[in-house]
Structures are given as C-alpha cells and as structure tokens.
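Spelled out, the chains give:
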Amino acid sequence: MANYFVISRAKPKPGYAATGLKHLKTLADFTKENGAVHCDVGTIQTGANAGSLIAAMFVEKMATIENIFDHFPNQEFYKEMFSTGNMEITGRAIGRIHHRESGSSDKPKYMVLTKFTSKTEMLDEAKQVMNIFMKNGALSCGYATFGAGDSAGARVMGVRYPSLDAIQNAYEAARASQAYASALSDVELHFRNVVRLG
C-alpha cells in the first residue's frame, strides 16, 4: 500500500517530448522493479507548465524513495534524459497520502491534479469530494499533503479518468453538490491541471 509519493516535473527541449515520455515509461518500470507500488508518467495538458512531462511515484516507505533515487544516476535512460540537456527538472515534491479510492481496473487515460491550501487537513471533506468523483466516472483517486518541495503544506488531489468526457461528467456532478461547494469555499485553489497519461 502506498503511503508516500514523489512527483517530478521536467521540461523537454523542443522536439524531445515523445522520446522523453518513452524514457519516463522505462523509469516507471525501473521504480516498480525497485520497490515502488506504482508510477504514473504523462504530459501536462493545461496550465503554466503545459507541455512538461511528469512522473508520480508511489511508495510504502520513504526509504524506497532514497534507494531508487540513489540508483537513478547510473541508469542509461536517466543519463540520456538529464545529463545531456534533453530535459530539465523544474519541480519535485514529496507528500504523504491520506486517502485513496479505487473502483476500476480499467487503464486511465487522464489524471486531474488539483493543488490548494487549507487551514486544516480537511480529511472528511476530501472523502466526500472523492466519493462524488468516484460515483461519476473516476477510476481512482487520492488525497495528500505535500511535505517537501516548493509546495510544502499544500494539499493535492489526483483523480484518474478513462476520458475527457468522464472528467466533464464528474465536474458537472461536483458543481451540483453542496458538499463540493462547501469544501471549495474553505480552500485557496492554486491549480487544476489535466495530465495525459503515457
């Protein structure tokens, strides 16, 4: 079971995005072979970092993060990405997962990442919002707090979907929900970005 995650964002040089995503898929396999529970990779579709690539690695223990990152520099796929100027890491954060829900084994095509700040952890409110998404097209979702990085202390919700249509349905249902409106009124929203998973 994943209790922590690391999310890294990298900007590819022009024309390198497809190759970079291919190497990130190799990176994802490497993380799972070395103890990660799961690893998502994809391309950010919206917001200030549209076009950048991300990798989100999920682990049970922090020691697994250390072990994997200790071994990255010696891997050829990692050198090809980051020792050559092909990609530049522009952000990385570590967080602790509070809640997770999974309702389908279907392969997701998109993930919506929402980052915000709140005075409390809002654990009950997050469960209610996650429940709305899960009942209206989401395949899985998780809720966490960043513990390290530029966004330390901020909250993040990641929700996986099979299609853009499913995202639309989920947010139409959310907008009609008093629980969602109440939760949104207690936070400062930083971004809501769509990621096309690779």
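Rules behind the numbers
Residues numbered from 1 in each chain as written. Predicted model: local features only at pLDDT ≥ 70, side-chain atom pairs only at ≥ 80, totals over all residues. Heavy atoms only, no water. Pairing = 2+ DSSP bridges. Helix = DSSP H or I, 4+ residues; strand = E, 2+ residues; numbered from the N terminus. Axes fitted to C-alpha atoms, helices over the stretch in contact; angles between N-to-C directions. Contact = heavy atoms within 4.5 Å. Core = buried A, V, L, I, M, F, W, Y, C linked by side-chain atoms within 4.5 Å. Buried < 20%, exposed > 50% of the residue type's maximum accessible area, 1.4 Å probe, protein only. Polar contact = N/O pair within 3.5 Å; in protein donor to acceptor, adjacent residues only side chain to side chain. Salt bridge = Lys/Arg side-chain N within 4 Å of Asp/Glu carboxyl O. Arc of directions from axis to C-beta.

## Topic: the sheet that holds strand E8 (residues 188-197)
Inference 1: One closed barrel accounts for 8 strands, arranged E1-E3-E2-E8-E5-E7-E6-E4; its pairing is antiparallel. The sheet shows a mean angle of 35 degrees between the axes of neighbouring strands, direction not considered.
Inference 2: Here 8 bridges tie strand E5 (residues 110-117) to E8, and the two strands are oriented antiparallel to one another. Bridge pairing links Met111 to Val195 in E8.
Inference 3: In the packing of helix H2 (residues 62-71) onto the sheet, the strands contacted are strand E1 (4-12), strand E3 (53-59) and strand E4 (87-102), and the crossing angle to E3 comes to about 130 degrees.

## Overview of the nonpolar core
Inference 1: Ranked by internal contacts, the top residues of the largest apolar core, which has 25 residues, are Phe133, Met157 and Tyr161.
Inference 2: What Tyr161 contacts, discounting residues up to four positions off in sequence, is Pro108, Lys109, Tyr110, Val112, Phe133, Gly137, Ala138, Leu139, Ala166, Ile167, Ala170 and Tyr171.
Inference 3: Core analysis: the next-biggest nonpolar cluster, separate from the first, contains 22 residues, Val6, Tyr16, Val59 and Tyr78 among them.

## Notes on the pairing of E1
Inference 1: As paired elements, E1 and E3 share 7 bridges and run antiparallel to each other. The residue bridging Tyr4 from the neighbouring strand is Val59, located in E3.
Inference 2: Alignment of E1 against E4, held across 9 bridges, turns out to be antiparallel. Looking across to E4, one finds that Ile7 is bridged to Ala93.

## Quick word on the side chain of Arg160
Inference 1: Its place among the elements puts Arg160 in strand E7 (residues 155-161).
Inference 2: Side chain to side chain, Arg160 and Asp40 meet in a polar contact 2.7 Å long.
Inference 3: In this structure, Arg160 is in contact with His38, Asp40, Phe58, Pro108, Tyr110, Met111, Ala138, Leu139 and Ser140, ignoring residues within four places of it in sequence.

## Description of the pattern of salt bridges
Inference 1: The full count for this structure, using the stated rule, is 3 salt bridges.
Inference 2: Of the charged contacts, one joins Asp40 and Arg160 as a salt bridge, the two residues approaching to 2.7 Å between their closest N and O atoms. In this pair, Asp40 sits in strand E2 (residues 38-44) while Arg160 sits in strand E7, placing the two residues 120 residues apart along the sequence. Across this residue pair, the class does not change: Asp40 and Arg160 are buried.
Inference 3: Lys79 is the partner of Glu76 in a salt bridge, and the nearest nitrogen-oxygen pair spans 3.4 Å. Of the two residues, Glu76 and Lys79 both sit in helix H3 (residues 76-82), 3 residues apart, roughly one turn of that helix.

## Let's talk about H2
Inference 1: Among the residues making up H2, those that are buried are Thr64, Ile65 and Ile68. On an axial view of H2, the arc spanned by its buried residues comes to 100 degrees, and they lie on one face. Exposed side chains of H2 directed beyond 90 degrees from the buried face belong to Ala63, Glu66 and Asp70.
Inference 2: Close packing links the buried residues of H2 with E1, helix H1 (17-33), E3 and E4.

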